[in-house]
Amino acid sequence: MSPLSLRSRLLRGLTAGTAVASLAAGLAGCGGDSDASTHPDSATDGTVTVGAVSNGAAKETELKVSEVKSISAKLPASVAKSGKLVIGVGALPSGSAPLTYVGDDQKTLTGSEPDFGRLVAAVLGLEPELKNFTWENLFVGVDSGKVDLAVSNVTDTEERKKKYEFASYRKDNLAFEVPKASKWTFDGDYKVLAGKTVAVGAGTNQEKVLLEWQAKLAKEGKKLTVKHFQESNSTYLALSSGKIDAYFGPNPSLSYHTTRVAKTPNPTRIGGTYSGAGASLQGLIAATAKKDSGLAEPVADAINHLIENGQYAKWLAAWNLSNEAVTKSEVNPPGLPTDNS
């Protein structure tokens with residue numbers, strides 16, 4: 001598999017290990033693009049509830065958020081006139097917790113990404129309207145104007161800037177998951193992996209990174225053992241039994257799992273993170289609009305308002321994603337280079 005296709009699997013933010021049966025059941029029968037159930041809260045009373053119907057993936061939290069006129073005044077006329085922000089996510093067919101999936105009421109599209117879209121819409125004084133697509137059709141939706149803003153774990157890349165404009169809002173990180181009792185921590189230096197046994201998904205960007213570290217250690221006369229398992233249950237059985245020291249995968253997926261097992265006999269923790277773009281660049285997840293739409297700037301302003309007033313940190317904390325916080329939203333920041341996207 002080429003490096004490009006390996007990278008594309010990470011950019012989608014959807015891995016086999018994150019799909020669970022209840023999510024698949026909740027979305028069964030959906031095809032193509034699809035309107036999602038309206039969230040029970042749409043900030044009409046100055047509040048946005050994050051983590052609702054999350055099936056234990058998040059701590060339900062009510063946040064006070066009101067329109068900021070100086071920011072909404074910057075909206076493109078067509079969006080302002082419509083009174084709504086059409087938010088696209090690429091969660092079909094099975095969803096990907098904790099990012100985007102059908103909640104425990106079996107109808108509401110929930111997750112950290114839809115919640116974030118609702119927060120942005122509230123600052124802009126717009127009614128959020130969520131539309132759920134397959135990953136490929138999400139971009140078709142933006143291109144055709146069916147969607148104003150894609151909020152779906154989209155990585156900022158230089159290639160995508162040819163067609164889209166971005167407002168960054170989260171770090172694009174990989175992570176190591178380890179038993180909670182483990183004293184090992186990844187500090188960004190691959191040398192701490194010497195002597196360790198680490199599981200990773202085959203054909204993924206994280207495998208590519210891990211194999212590069214393995215090769216470097218081998219040249220130094222040190223060993224890193226890389227293991228592959230067919231499915232996540234086997235991986236986590238190996239982790240709990242001590243057959244592997246860590247599991248290397250997408251940070252949101254692993255953070256979700258740590259939440260799910262926190263009160264079980266085998267709790268885990270995140271043992272360190274690493275940029276999905278590699279050592280030379282911090283990868284960024286960004287809200288995505290059609291190029292020259294004029295939407296990225298007010299969206300970035302709305303995000304910065306949420307950061308400055310604390311709702312942003314509370315949103316991340318509710319979904320156990322605080323380790324992906326950015327200090328500032330930027331319009332079209334440096335993205336993954338074209339030769340690696």
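Keep in mind that this is a model prediction, so the values were computed, not measured.

Draft legend 1. Local environment of unusual backbone geometry. For the bond running from Leu92 to Pro93, omega is 10°, close enough to zero to count as cis. Within the secondary structure layout, Pro93 lies in the loop between strand 4 (84–92) and strand 5 (101–102). Cis geometry marks the peptide bond from Ala97 to Pro98; its omega dihedral reads 5°. At Asn55, a position not held by glycine, the phi torsion is positive, near 60°. On the secondary structure map, Asn55 appears in the loop between strand 2 (47–50) and strand 3 (61–64). In this structure, Asn332 takes a positive phi of about 50° despite not being glycine. By secondary structure assignment, the location of Asn332 is in the segment after helix 11 (311–318).

Draft legend 2. Region of interest: the environment of Glu220. Turning to its location among the elements, Glu220 is positioned in the loop between helix 7 (205–219) and strand 12 (225–227). The class of Glu220 is partly exposed, set by a relative accessible area of 34%. Considering only alpha carbons, one finds Glu220 and Ala194, 26 residues apart in sequence, at a separation of 9.8 Å. Discounting chain neighbours no more than four positions away, the residues touching Glu220 are Tyr190 and Lys191. Of note is the side chain of Glu220, whose polar atom sits 2.4 Å from the side chain of Tyr190.

Draft legend 3. Broad picture of the packing of aromatic side chains. Applying the stated criterion to the full structure yields 17 aromatic pairs. When the centroid spacing of 5.3 Å and the interplanar angle of 75° are considered together, the rings of Trp135 and Phe139 count as edge-to-face. Of this pair, Trp135 and Phe139 both sit in helix 6 (residues 135–144), 4 residues apart, which is roughly one turn of the helix. Of the two residues, Trp135 and Phe139, neither departs from the other in class, the shared state being buried. Their ring planes at 50° and their centres at 5.6 Å tell us that Tyr312 and Trp315 sit as a pair that is tilted.

Draft legend 4. Local environment of helix 6. Of the positions making up helix 6, those classed as buried are Trp135, Leu138, Phe139, Gly141 and Val142. Within helix 6, the buried residues cover an arc of 150° as seen down the axis, which keeps them to one side. The positive-phi residue at the C-terminal boundary of helix 6 is Gly145, with phi of around 90°.

Draft legend 5. Seen up close, the packing of helix 5 (residues 112–123) against helix 10 (residues 296–308). At a minimum axis separation of 9 Å, helix 5 and helix 10 run at an interaxial angle of 100°. Here helix 5 lies roughly perpendicular to helix 10, going by the angle between them. Contacts from Phe116, Leu119, Val120 and Val123 in helix 5 reach Val299, Ala302, Ile303, His305 and Leu306 in helix 10. Class assignment of the residues belonging to the contact of helix 5 with helix 10 gives a composition of 8 nonpolar, 1 polar and no charged.

The rules behind these values
- Residues numbered from 1 in each chain as written.
- Predicted model: local features only at pLDDT ≥ 70, side-chain atom pairs only at ≥ 80, totals over all residues.
- Heavy atoms only, no water.
- Helix = DSSP H or I, 4+ residues; strand = E, 2+ residues; numbered from the N terminus.
- Buried < 20%, exposed > 50% of the residue type's maximum accessible area, 1.4 Å probe, protein only.
- Contact = heavy atoms within 4.5 Å.
- Polar contact = N/O pair within 3.5 Å; in protein donor to acceptor, adjacent residues only side chain to side chain.
- Phe/Tyr/Trp six-rings, centres within 6.5 Å; stacked < 30°, edge-to-face > 60°.
- Arc of directions from axis to C-beta.
- Axes fitted to C-alpha atoms, helices over the stretch in contact; angles between N-to-C directions.
- Parallel < 35°, antiparallel > 145°, perpendicular 65-115°, else oblique.
- Nonpolar A, V, L, I, M, F, W, Y, C, P; charged D, E, K, R; others polar.

Any functional reading would require information beyond the geometric quantities listed.
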